[in-house]
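# Structural overview for review
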Amino acid sequence: MKVHTYEKAILAVAGILLFSCMGALLYASVYLGLHLPSPVARIDPERVAETPPFDQPGVRQVGPNQYEAVVIGRSWVFQPSEIRVPAGAEVTFIATATDVLHGLSVAKTRVNLMLIPGQVTRMTYRFRDVGDYLLICHEYCGIGHHAMAGKVIVE
Ligand code: CUA
């Protein structure tokens, strides 16, 4: 059986695509160290309010222009609902949920976390530009989902 030249060419292109995509994945994960936001710890969802750092939700400075934002998601609010940091601040979001699955997404940034009861999620992002950034729940969580929002204020 004779394989058509076009078929060979298409096979070659598919092979090159496959290997370059695998190469890009390896480069991003091994060399650049990029990973999806992942659970960093377990937490008892019924004892979030007593478990550090969630016993003191809010924003605190942890270094020169470095901040930690400890956020609890519950139906249907973020606690705190307002996060205020100076321009250029590197903010590490540490978040969890107490009841059902929520999301935490900051508009105009790549901050996008899943808030899962029983898990702690963490992600760091540098806010370079001054402005108000909408903080929204992007995971349908019940009747008040559309109202579950907050704000990151960079000043
Ligand atoms: Cu919380 Cu949707």
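Let me begin by describing the structure that accompanies this report. As a convention, each chain's residues are numbered from 1 in the sequence order in which they are written. Local features in this predicted model are restricted to residues of pLDDT 70 or higher, and side-chain atom pairs are both shown and tallied only at a pLDDT of 80 or more, whereas totals for entire chains, interfaces and linings draw on every residue. Excluding hydrogens and water, the side-chain figures rest on all heavy atoms present in the structure.

### Description of the pairing of strand E2 (residues 58-63)
If DSSP finds at least two bridges between two strands, the strands pair. Secondary structure counts use DSSP, requiring at least four H or I residues in a row for a helix and at least two E residues in a row for a strand, with both numbered from the N terminus. As paired elements, E2 and strand E3 (residues 66-74) share five bridges and run antiparallel to each other. By the bridge assignment, Gly63 is partnered in E3 with Gln66. Where E2 hands over to E3, the hairpin turn is made up of two residues, of which Asn65 adopts a positive phi near 60°.

### A word on helix H1 (residues 5-31)
With 27 residues, H1 should reach 39 Å at 1.5 Å per residue; the first-to-last C-alpha distance of 37 Å fits that figure. Downstream of H1 by a residue or two, Gly33 has a phi angle that is positive, lying close to 70°. Working rule for helices: expected span equals 1.5 Å times residues minus one.

### A look at a nonpolar patch on the surface
Together, Tyr27, Tyr31, Leu32 and Leu34 give the surface a local cluster of nonpolar side chains, amounting to about 480 Å² of exposed area. Its location among the elements puts Tyr31 in helix H1. Residues with no salt bridge and a relative accessible area higher than 30% make up the patches, which join like charges within 9 Å and nonpolar side chains (Val, Leu, Ile, Met, Phe, Trp, Tyr) within 5 Å. Only the protein chains shown count as covering a residue, and every accessible area follows the Shrake-Rupley method with a 1.4 Å probe. Basic side-chain nitrogens of Lys or Arg form a salt bridge, by our definition, when they fall within 4 Å of a carboxyl oxygen of Asp or Glu.

### Topic: unusual backbone geometry
The step from Ser75 to Trp76 runs through a cis peptide bond, and the omega angle for that step is -5°. Secondary-structure assignment places Trp76 in the loop between E3 and strand E4 (77-79). Here the phi dihedral of Asn65 falls at roughly 60°; this positive angle occurs in a residue that is not glycine. Here Asn65 is to be found in the loop between E2 and E3. One non-glycine residue, Lys108, lies in the positive phi region at around 70°. Note that Lys108 resides in the loop between strand E7 (102-106) and strand E8 (112-115).

### Notes on the pattern of salt bridges
Summed over all chains, the structure comprises five salt bridges. In this structure, the salt-bridge partner of Arg47 is Glu50, at a minimum N-O distance of 3.7 Å. Taking the shortest distance from any N to any O, the salt bridge between Arg126 and Glu90 comes out at 3.1 Å. Within this pair, whereas Arg126 is found in strand E9 (residues 119-127), its partner Glu90 is found in strand E6 (residues 89-97), the two being separated by 36 residues in sequence. Residue Arg126 is classed as partly exposed on the basis of its relative accessible area of 34%. Within this structure, Glu82, Arg84 and Glu155 form a network of salt bridges that share partners. Per-residue accessibility, obtained with a 1.4 Å probe over protein chains only, is compared with the maximum for each type, and a residue is labelled buried under 20%, exposed over 50%, and partly exposed between these values.

Purely spatial values, then, with no claim about function.
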